[in-house]
Amino acid sequence: MFKNLEIFQMAGAMARHAETRQAMVAQNVANADTPGYKARDIASFAETYRTQDASSMRATRAGHLTGSTQSYDTRIIAGAGSESPNGNNVSLETEMVKAASVRQEHDQALAIYQASLGILRSSLGRR
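Residues numbered from 1 in each chain as written. Predicted model: local features only at pLDDT ≥ 70, side-chain atom pairs only at ≥ 80, totals over all residues. Heavy atoms only, no water.

(A) Layout of the packing of aromatic side chains. All told, the structure shown has one aromatic pair when counted by the stated rule. Taking 5.3 Å as the distance between ring centres and 70° as the angle between the ring planes, the aromatic pair formed by Phe8 and Tyr113 counts as edge-to-face. Separated by 105 residues along the polypeptide, Phe8 in helix α1 (residues 6-30) and Tyr113 in helix α3 (residues 92-123) bring together distant segments of the chain. Judged by relative accessible area, Phe8 falls into the buried class, the value being 16%. (Phe/Tyr/Trp six-rings, centres within 6.5 Å; stacked < 30°, edge-to-face > 60°. Helix = DSSP H or I, 4+ residues; strand = E, 2+ residues; numbered from the N terminus. Buried < 20%, exposed > 50% of the residue type's maximum accessible area, 1.4 Å probe, protein only.)

(B) Quick peek at the environment of Arg103. Locating Arg103 in the fold gives a position in helix α3. When the C-alpha atoms of Arg103 and Gln22 are compared, they prove to be 8.2 Å apart, with 81 residues separating the residues in sequence.

(C) Quick look at a nonpolar patch on the surface. The grouping of Val29, Leu92 and Met96 at the surface amounts to a nonpolar patch, some 240 Å² of accessible area in total. As for its position among the elements, Leu92 is in helix α3. When its relative accessible area of 42% is taken as the criterion, Leu92 is described as partly exposed. (Patch = residues over 30% accessible without salt bridge, like charges linked within 9 Å, V, L, I, M, F, W, Y side chains within 5 Å. Areas by Shrake-Rupley, 256 points an atom, 1.4 Å probe, with all protein chains shown as cover. Salt bridge = Lys/Arg side-chain N within 4 Å of Asp/Glu carboxyl O.)

Structure below.
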């Protein structure tokens, strides 16, 4: 009965999204001096969650329906006027702001999970 609660699935999806986005930020920072490298990012969790149509099938676990554990599409960021002479458009300041934002997203996912777990425990009479 309590095995597949939607709130826990959403909190897990938020944490996985934050993990994927943090990996993109780390990759961008690691390639900050690579000639021709273009910074990459993924769509926000809200955009990803919003694009799920209520009538469409939803995956219940990683790899379900798609056969892939990676469900986020990366995109190249168009940095208007911010490209360096070597063709690289990574801004370390922007990447650090993104890293802070990703940490907030991950903390939010954990807070949702913990609060939901507390509500579930209270409803079962365990605290």
